[in-house]
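Remarks on the overall topology
As a plain string of letters, each chain reads:
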Amino acid sequence: MTAQRPNTTTDAGIPVSSDEYSLTVGPSGPNLLQDAYLIEKLAHFARERVPDRVYHVKGGGAFGYFEVTADVSQWTKSAFLNGVGKRTPMLVRLSSVAGEEGYPDTDRDVRGFAMKFYTEEGNYDLVGNNTPVFFVRDPMKFPDFIHSQERMPDSGLRNNNMQWDFWTLSPESAHQVTILMSDRGTPRSWRHMNGYSSDTYMWENAAGEKFWVKYHFKTEQGIQNFTDAEAKAMRGEDLDHYRRDLWDAIARNDYPSWRLEMQIMPYEDAVNYRFNPFDITKVWPHKDYPTIPIGRMVLDRNPDNFFAQIVQAAFDVANMVPGIGPSPDRMVLGRMFAYADSARYRNGPNYMQLPVNRPRVDVHNYNKDGPMRYRHNGSQPVYAPNSYGGPKADPQRYRDPSWFVAAAEIMRAAYQPHRDDDDFIQPGTLYRQVMTPTDRDHLVGNIIGHLSQEVERPIQERAVNDYWAKVDPDLGTRLARELGLVTPAMAGAQHARGT
Ligand code: NDP
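Just so we're clear, the structure is a prediction, and the values are computed from it rather than from any experiment.

Scoring rules and cut-offs
- Residues numbered from 1 in each chain as written.
- Predicted model: local features only at pLDDT ≥ 70, side-chain atom pairs only at ≥ 80, totals over all residues.
- Heavy atoms only, no water.
- Helix = DSSP H or I, 4+ residues; strand = E, 2+ residues; numbered from the N terminus.
- Buried < 20%, exposed > 50% of the residue type's maximum accessible area, 1.4 Å probe, protein only.
- Contact = heavy atoms within 4.5 Å.
- Areas by Shrake-Rupley, 256 points an atom, 1.4 Å probe, with all protein chains shown as cover.
- Lys, Arg positive; Asp, Glu negative; His and termini not counted.
- Charge placed at Lys NZ, Arg CZ, Asp CG, Glu CD.
- Salt bridge = Lys/Arg side-chain N within 4 Å of Asp/Glu carboxyl O.
- UniProt positions renumbered as here; feature names shortened; annotations may be inferred.
- Domains from an automatic or database assignment.
- Buried area = accessible area lost by both parts, 1.4 Å probe.
- Near = heavy atom within 4 Å.
- Polar contact = N/O pair within 3.5 Å; in protein donor to acceptor, adjacent residues only side chain to side chain.
- Nonpolar A, V, L, I, M, F, W, Y, C, P; charged D, E, K, R; others polar.
- Axes fitted to C-alpha atoms, helices over the stretch in contact; angles between N-to-C directions.
- Parallel < 35°, antiparallel > 145°, perpendicular 65-115°, else oblique.

1. Concerning the overall build of the chain
- Within the chain, the secondary structure is distributed over 13 helices and ten strands.
- Expressed as lengths along the three principal axes of its C-alpha atoms, the size of the chain is roughly 95 × 70 × 45 Å.
- When each of the 499 residues of the chain is scored for burial, the buried share is 47%.
- Of the contacts formed within the chain by residues at least 6 apart in sequence, a portion of 72% connects residues at least 24 apart.
- Carbon and sulfur atoms form 54% of the exposed surface of the chain, whose accessible area is close to 25700 Å².
- Computed over 56 positive and 64 negative side-chain charges, the separation of the two mean positions in the chain equals 2 Å.

2. What about the pattern of salt bridges?
- Scanning all chains against the criterion turns up 36 salt bridges.
- Within the structure, one salt-bridge network assembled from shared partners comprises Arg137, Asp279, Lys282, Asp421 and Asp423.

3. Observations regarding the UniProt feature "binding site: heme" (unreviewed entry) in the chain
- The feature "binding site: heme" (unreviewed entry), as annotated in UniProt, sits at Tyr339 in this numbering.
- Of note, Tyr339 is situated in helix α8 (residues 330-347).
- Accessibility expressed as a relative area gives 16% for Tyr339, which makes it buried.
- For Tyr339, the contacting residues outside a window of four places in its chain are Tyr55, Val127, Phe315, Asp316 and Val317.

4. Let's talk about unusual backbone geometry
- Cis peptide bonds are those with omega within 30 degrees of zero, and the linkage from Ala384 to Pro385 qualifies with 0°.
- If you trace the backbone, Pro385 turns up in the loop between α8 and α9 (425-434).
- Residues other than glycine seldom take positive phi values, yet His56 does so here, at roughly 55°.
- You can see His56 is positioned in the loop between α1 (36-46) and β1 (59-68).
- Phi at Met372 is positive, roughly 60°, even though this residue is not glycine.
- Relative to the helices and strands, Met372 resides in the loop between α8 and α9.
- Met372 sits in the exposed class, given a relative accessible area of 74%.

5. Observations regarding the domain arrangement of the chain
- By the assigned domains, the chain splits into domain 1 (59-130 + 187-353) and domain 2 (425-497).
- Summarising the inter-unit geometry, the C-alpha centres of domain 1 and domain 2 are found 32 Å apart.
- At the junction of the two partners, domain 1 supplies eight residues and domain 2 supplies five residues.
- Interface area, domain 1 with domain 2, both sides summed: about 480 Å², of which 53% is carbon and sulfur.

6. Describing the site of the ligand
- The immediate surroundings of the ligand are formed by 17 residues, with His175, Arg184, Tyr196, Trp284 and His286 found nearest.
- Between the ligand and Arg184, the relevant distance is 2.6 Å, taken from an oxygen atom to a side-chain nitrogen or oxygen of the residue.
- Take Tyr196: an N or O atom from its side chain is 2.7 Å from an oxygen atom of the ligand.
- Summarising the interface, the protein chains cover 77% of the accessible area of the ligand, which totals 770 Å² for the free molecule.
- For the shell around the ligand, the element with the highest residue contribution is α9, accounting for four residues.
- Of the residues assigned to the shell around the ligand, the class counts are seven nonpolar, seven polar and three charged.
- Two domains each provide a minimum of three residues to the shell around the ligand, namely domain 1 (59-130 + 187-353) and domain 2 (425-497).

7. Some words on the packing of helix α11 (residues 457-471) against helix α12 (residues 473-483)
- As a packed pair, α11 and α12 sit with axes 6 Å apart at the nearest point and diverge in direction by 155°. On the basis of their axis angle, the class for α11 and α12 is roughly antiparallel. Of the residues in α12, those in contact with Arg457, Gln460, Val464, Trp468, Ala469 and Val471 of α11 are Pro473, Leu475, Gly476, Leu479, Ala480 and Leu483.

Below is the structure:
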């Protein structure tokens, strides 16, 4: 009945004689140190883990492709984006931010949306979220932000007080926290959420013209969210709900897809645009820069091995192919250092040689050696310049993407504000003009639920008076009532009434 099965071997390929029994002195005697197979098995077991990602630990992913649906040559010369109908193989990893491996998928959180395009000009990695904005706009605050979402130093418990303390002392977080506290903070599945670059990037066409761009991956399954109660119920039912949902959908050939729509800003617009277009806490309103559909992403293949292809997958914001570059967005510039650094720490300096990370083009450079080096350059010279061959960069053919920076003193300072750069304008617009009355009711309920758990009174007061009331006065009043607080406006009204 069973097919012929290979004999078990050691990692050196040597056949072994038992899958069950250690080598012992007689059936009742002690184990022997010379049982090299047992020792290899136990020693390998103790080394099965690589360091977790520091955040975005819990995730899942799948392979698929990106297909171009419109001519974009006027904006970018990127080879993989040029040619309607052209397909590029992809890997996508979706994740939660704060929880560890094993954490409930549906807990309120932002979701990571990391994409790797295996292009003919090398790997292009686009690492975004399911939200168009972010909590902080300067990488200096990033580790502090993540610490505030993680666990207390003494108890090892997560703690809402820490989260609200950080957010309310960082008003630039208000836009992202509004989205996080809405039902978009608890998507029904990874398939039912959008992905955004969030950061601003630069595109450059063959003539050298530059554009600022934002990517929007719109779910073709439609946006669907859990209510807070539904998300909490799912926590008890299936901790791995998102991971399972994606796997099952692909296994039944119900392939999830997203439409790529771009916002494209002419290079010259950036200086005087009413918002700083490089501030990741802001969106570009659609009426200023409408989205332009240019492609479609489909996930149609589950991994063969979760560890090798999803855990060891490494995405690097700095992996941009010709025709795509960074922008003066401070977060993207900081992220360009952090991702490869993390991957080198987790998987070693040769992590790019792992099959899931390996580009589908030949690699030519002078890096050499290091732990677990697999690919090598034979007897190629190991330095440049040299007189004996090896790769040679052609500065006429390739240039680093660039932009003009006015001469200025080196300093630590906030961005120069643009006309409408206020931390509360855009979340206020979202609350008043985009959300339905039901969305607003759920937002209030979700904020109250979150703010009521272990958050100290002074921080609740700050959250209402200095944060939500600035997003929208009505929202502030509703929250104050629910929490039994008196806002300055309510106190003023009481005073005027003489109560
Ligand atoms: P629009 O009315 O043109 O766009 C609003 C967008 O908000 C929609 O297209 C949709 O984008 C998204 N949206 C709809 N419902 C919700 C919700 N409940 N929670 C969060 N987002 C929602 O207005 P503007 O472009 O002027 O933007 C107004 C506000 O909308 C912004 O301040 C921002 O808060 C929010 N927004 C704007 C986006 C942008 O890129 N301009 C993107 C997402 C949100 P989508 O299909 O991408 O979800």
